[in-house]
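Here's the letter readout for the chains.
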Amino acid sequence: MLRRSFLQALGATPTLPALPFQSEKSRLRITGVRLVRTRPRRPPPAYEPAPGSWSTQGVEVASPMSVYPKYKARRSLYFPDPGQLEGFTVEISSDKGVKGYGSGGVGGGLIVEKHFTKLLLGEDPFNVEKLWDIMWRATMHYGRMGVVINAISGVDLALWDLIGNALGEPVYRLLGGATKDRIPAYCTGNDIEQHIQFGYRRLKLAMPHGPADGREGMKKNLELIRRTREALGPDGDIMLDCWMAWTEDYTLEMAELAAPYHIYWMEECLPPHDYAGFARLNAAIKSTRIATGEHEYTRYGFRQLLEHRAAAIWQPDIHWCGGLTELRRIAALAAAYDIPVIPHGGGNRDAVHFIMATVNSPWAELFMPAPGGPPEVYQRYEEDNSLSRGPEGIYMRPSEGPGFGWDFEVIS
């Protein structure tokens, strides 16, 4: 199909039907917007992780910065220092005492404090679509991607949490209810023996190496894949997280080398803005699926993926893509073209409500506590995520509490 004809066929983003609660008069008004710090109500015991475990994040993972030896060893060398520039949690309170909490991505807190507060005070929190649009239009001259959308995401999630708390319902029921009995989950990380022993049958590997490591790095990547397939057996699923670190040629060669190990998808092989490169990979590689979207923003970014036919699986992050309101729009666009939406960090306590209520969102992503801890750590992990086991390995469910069912206390 010619590009013009294809774009005409796309039309506008599908319109989502109004949700039942949006016809109600909430009689609530937003009276407070503030950033808060939280801690788990039942913190797991502290422990020293097993030496060399991947989950400590002290090991090498391929990244866009791998081309610079100074920053190659680990992400903390170039990430902002702790406490300097981080994600945030916002509390939105109402005149009837009902509150909601939402988390957004790095740097968004300043936008919430210095700009969004004046737009939110006095508004009805049930008007979540209107408030999203106000924040979007008010920041268009300096936003549209990145930090500003991180800020919108956190506020939007706090509004959904507040609505759920006001109505006494979990968010997934506000979205139309459960579309599945429980959600199959996969585990990300390279502590593969721990993950398999726990019961996971779907594993996503963080590729340690990229083009900066030459053919030796490619061999080490392949050895990790081979070892995982051998430990998992022939029936489990293996995915590769390449975290924006590879090139087209490197990806094509790795796909060919990894083909005998039946890889389910290769994720974020290229920088997120390289839509044409992803399109070429998606067309050329037949042994696996191309997935991306973790670092994409709003429906307009995902429309670029669609127009370029750039990926078989979309992976928006609810804390970065525009929150739950925008994630629903992204999923509606994907559903019109039979594209699965498997959110980055989808096992988080908020994103899992979206997955439960969305037909074309089949799996959730989870991370395990590092190996080496006492049994209580992993028992708490099972309880907090409502985990169960079955033929696909590990499953999870969202909280049945109101809102997102947060189980934390505010400390400031």
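Remember, predicted model here, so these are calculated numbers, not experimental data.

Along its length, the protein chain carries 13 helices and 14 strands. By the compact-globule yardstick of 22 Å for 412 residues, the protein chain fits well, its C-alpha radius of gyration being 21 Å. Counting only C-alpha atoms and orienting by the principal axes, one finds that the protein chain spans roughly 60 × 60 × 45 Å. In the protein chain, which comprises 412 residues, the share counted as buried stands at 54%. By element, 53% of the accessible surface of the protein chain is carried by carbon and sulfur atoms, the whole surface being about 18100 Å².

In regions of low pLDDT, the predicted coordinates are not meant to be interpreted in detail. Averaged over all residues, the pLDDT of the protein chain equals 94, while 94% of them reach at least 70. When the elements of the protein chain are averaged for pLDDT, helix H1 (residues 3-10) gives the smallest value, 43, and strand E10 (residues 313-314) the largest, 99. Here residues 1-12 is modelled with pLDDT under 50, and outside its nearest four sequence neighbours on either side it reaches twelve contacts, counting other chains as well.

Moving on to the packing of helix H10 (residues 298-307) against helix H11 (residues 323-335). One way to put it is that H10 packs onto H11 with a least axis distance of 9 Å and a crossing angle of 20°. Accordingly, the angle class assigned to the pair H10 and H11 is roughly parallel. As H10 runs across H11, the sense of the crossing is right-handed. Residue-level inspection shows Thr-298, Arg-299, Phe-302, Arg-303 and Leu-306 of H10 in contact with H11, the latter providing Glu-326, Arg-329, Ile-330 and Leu-333.

Turning to the packing of helix H7 (residues 214-232) against helix H8 (residues 248-258), a few remarks are in order. Taken N-terminus to C-terminus, the directions of H7 and H8 make an angle of 40°; their axes are 11 Å apart at the nearest point. In terms of their interaxial angle, H7 and H8 are classed as oblique. Taken as a pair, H7 and H8 cross one another with a handedness that is right-handed. Each of Arg-215, Gly-217, Met-218, Asn-221, Leu-222 and Ile-225 in H7 lies in contact with H8, whose residues at this interface are Tyr-250, Glu-253, Met-254, Leu-257 and Ala-258.

For strand E8 (residues 263-267), a buried count of four out of five residues is recorded, marking the element as mostly surrounded by other parts of the structure. When strand E7 (residues 237-241) meets E8, the two strands line up parallel, connected through four bridges. Across the sheet, residue Asp-241 finds its bridge partner in E8, namely Glu-267. As for the winding sense of the linkage, the β-α-β connection from E7 through H8 to E8 is right-handed. Both E8 and strand E9 (residues 289-292) contribute to a ladder of three bridges, which runs parallel. Residue Trp-265 lies in a different strand from E9, and its bridge partner there is Arg-289. Handedness of the β-α-β unit built from E8, helix H9 (residues 275-284) and E9 comes out right-handed.

What follows deals with H9. Of the positions making up H9, those classed as buried are Tyr-275, Gly-277, Phe-278, Ala-279 and Leu-281. The elements touched by buried residues of H9 are H8, E9 and H10.

Attention now moves to the packing of aromatic side chains. Applying the stated rule across the entire model yields 16 aromatic pairs. Ring pairs connect the aromatic residues Tyr-101, Phe-404, Trp-406 and Phe-408, which therefore count as one cluster. One Lys or Arg, Arg-289, reaches over the ring of Tyr-264 and ends 3.9 Å from the middle of that ring. Directly above the ring of Trp-132 sits Arg-329, whose terminal nitrogen or CZ lies 4.8 Å from the centroid.

The rules behind these values
- Residues numbered from 1 in each chain as written.
- Predicted model: local features only at pLDDT ≥ 70, side-chain atom pairs only at ≥ 80, totals over all residues.
- Heavy atoms only, no water.
- Helix = DSSP H or I, 4+ residues; strand = E, 2+ residues; numbered from the N terminus.
- Rg over C-alpha atoms; globule rule 2.2 N^0.38 Å.
- Buried < 20%, exposed > 50% of the residue type's maximum accessible area, 1.4 Å probe, protein only.
- Areas by Shrake-Rupley, 256 points an atom, 1.4 Å probe, with all protein chains shown as cover.
- pLDDT = per-residue confidence, 0-100.
- Contact = heavy atoms within 4.5 Å.
- Axes fitted to C-alpha atoms, helices over the stretch in contact; angles between N-to-C directions.
- Parallel < 35°, antiparallel > 145°, perpendicular 65-115°, else oblique.
- Left-handed = near helix turned anticlockwise from the far one by under 90°.
- Pairing = 2+ DSSP bridges.
- Right-handed = clockwise from strand over helix to strand, strands pointing away.
- Phe/Tyr/Trp six-rings, centres within 6.5 Å; stacked < 30°, edge-to-face > 60°.
- Lys NZ or Arg CZ within 6 Å of the ring centre and 35° of its normal.

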